[in-house]
Amino acid sequence: MEYISLDSIPHFADCSPLVTGLGYVLVDLKVVPQNGSIKVTAVITKPAGDSGAVGVNDCARVHRALLPRLEAVLDSQDIYMEVASPGMERLIKNPAEFALFTGRYVRVWDSQITDWVAGKIISSDDQSITLELVGDGVTEQPVQVQPAEVSTIPYQRISKAKLLQLGG
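Below: a short report on this structure.

How each quantity is defined
- Residues numbered from 1 in each chain as written.
- Predicted model: local features only at pLDDT ≥ 70, side-chain atom pairs only at ≥ 80, totals over all residues.
- Heavy atoms only, no water.
- Pairing = 2+ DSSP bridges.
- Helix = DSSP H or I, 4+ residues; strand = E, 2+ residues; numbered from the N terminus.
- Axes fitted to C-alpha atoms, helices over the stretch in contact; angles between N-to-C directions.
- Contact = heavy atoms within 4.5 Å.
- Phe/Tyr/Trp six-rings, centres within 6.5 Å; stacked < 30°, edge-to-face > 60°.
- Buried < 20%, exposed > 50% of the residue type's maximum accessible area, 1.4 Å probe, protein only.
- Lys NZ or Arg CZ within 6 Å of the ring centre and 35° of its normal.
- Polar contact = N/O pair within 3.5 Å; in protein donor to acceptor, adjacent residues only side chain to side chain.

## Details of the sheet that holds strand β1 (residues 25-34)
Pairing is mixed in the open sheet, where three strands are placed in the order β1-β2-β3. Of all strands in the sheet, those with a lone pairing partner are β1 and β3 (79-84), marking the two edges. The sheet shows a mean angle of 15 degrees between the axes of neighbouring strands, taken without regard to direction. Contacting β1 and β2 (37-45), helix α1 (residues 12-21) runs over the sheet at an angle of about 135 degrees to β1. Seen against the sheet, helix α2 (residues 56-74) touches β1, β2 and β3 and runs at an angle of roughly 145 degrees to β3.

## With respect to the sheet that holds strand β8 (residues 158-164)
The strand order across the open sheet built from five strands is β7-β6-β5-β4-β8, with neighbouring strands paired in antiparallel fashion. Whereas interior strands pair on both sides, the edge strands pair on one side only; in this sheet they are β7 (150-154) and β8. Going from strand to strand, the sheet's axes swing by 40 degrees on average, the running direction of each strand aside. Inspection of the sheet shows strand β5 (residues 115-124) paired to strand β6 (residues 128-133) by five bridges, in the antiparallel sense. Paired with isoleucine 121 across the bridge in β6 is leucine 131.

## Side note on the packing of aromatic side chains
As enumerated under the stated definition, the model contains three aromatic pairs in all. An angle of 15 degrees between the planes, with centres 6.1 Å apart, marks the rings of tyrosine 3 and tyrosine 155 as stacked. With tyrosine 3 in the segment before α1 and tyrosine 155 in the loop between β7 and β8, the pair connects residues that are 152 residues apart, well separated along the chain. Classification of tyrosine 155 as buried rests on a relative accessible area of 2%. What links up through ring pairs into an aromatic cluster is the set Tyr3, Phe98 and Tyr155. Against the face of tryptophan 116 rests arginine 107, its NZ or CZ located 4.3 Å from the ring centre.

## Focus: the side chain of asparagine 94
Along the chain, the position of asparagine 94 falls in the loop between β3 and β4 (105-110). A polar atom in the side chain of asparagine 94 sits 2.7 Å from the backbone oxygen of isoleucine 4. Every residue in contact with asparagine 94, bar those within four places of it in the chain, is listed here: Met1, Glu2, Tyr3, Ile4, Leu6 and Ile9.

## Some details on the side chain of serine 128
If you trace the backbone, serine 128 turns up in strand β6. Look past the residues within four positions of serine 128 in its chain and what remains in contact with it is Thr152, Ile153, Pro154 and Tyr155.

## What to know about unusual backbone geometry
Look at aspartate 75: it is not a glycine, yet its phi comes out positive at around 50 degrees. When you line up the elements, aspartate 75 lands in the loop between α2 and β3. Taking relative accessible area as the criterion, aspartate 75 reaches 69% and is therefore assigned exposed. With phi around 45 degrees, threonine 114 is a residue other than glycine that occupies positive phi space. In this fold, threonine 114 is placed in the loop between β4 and β5.

## Looking at the pairing of β1
Regular strands place their side chains on alternate faces of the sheet. Both β1 and β2 contribute to a ladder of nine bridges, which runs antiparallel. Bridge assignment links glutamine 34 to a residue of β2, and that residue is serine 37. Following β1, the chain reverses through two residues before pairing antiparallel with β2; asparagine 35 in that reversal takes a positive phi of roughly 50 degrees.

Geometry only, nothing functional implied.
In structure tokens, the structure reads:
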């Protein structure tokens, strides 16, 4: 997987502080011109440590605040915008997202061992992710490895990654 800084995503830096001010975290932002209008897709989550799910009211709140900002930044009144949660099992395409999900569970396909590795995200940077390992990475309810084993996996070895809804 190739690490792409979130701030290098067009308009992400313009929108992220507003979303953070509302008590959420901006995970992804796509701005696509489409037939004379602009389609915007924003994905939000709750901050690390907040185990609550993002609901319809959360998405509506962010939509109401974010739309005027995007109209000003994009200099357009013809914007179609969707705001969504990451979903129960989000596919992670950019390793920069791992930092946003610290404390949550993920499973990654490690090309070195050619198998899934599952664990709780302890930390991540622009080179690798550190996981507290659980189970075999495939089961829906992993069993905690005793004692807790920690593994650091460089992004170049990760070919797929998926956020899991298991505990924290």
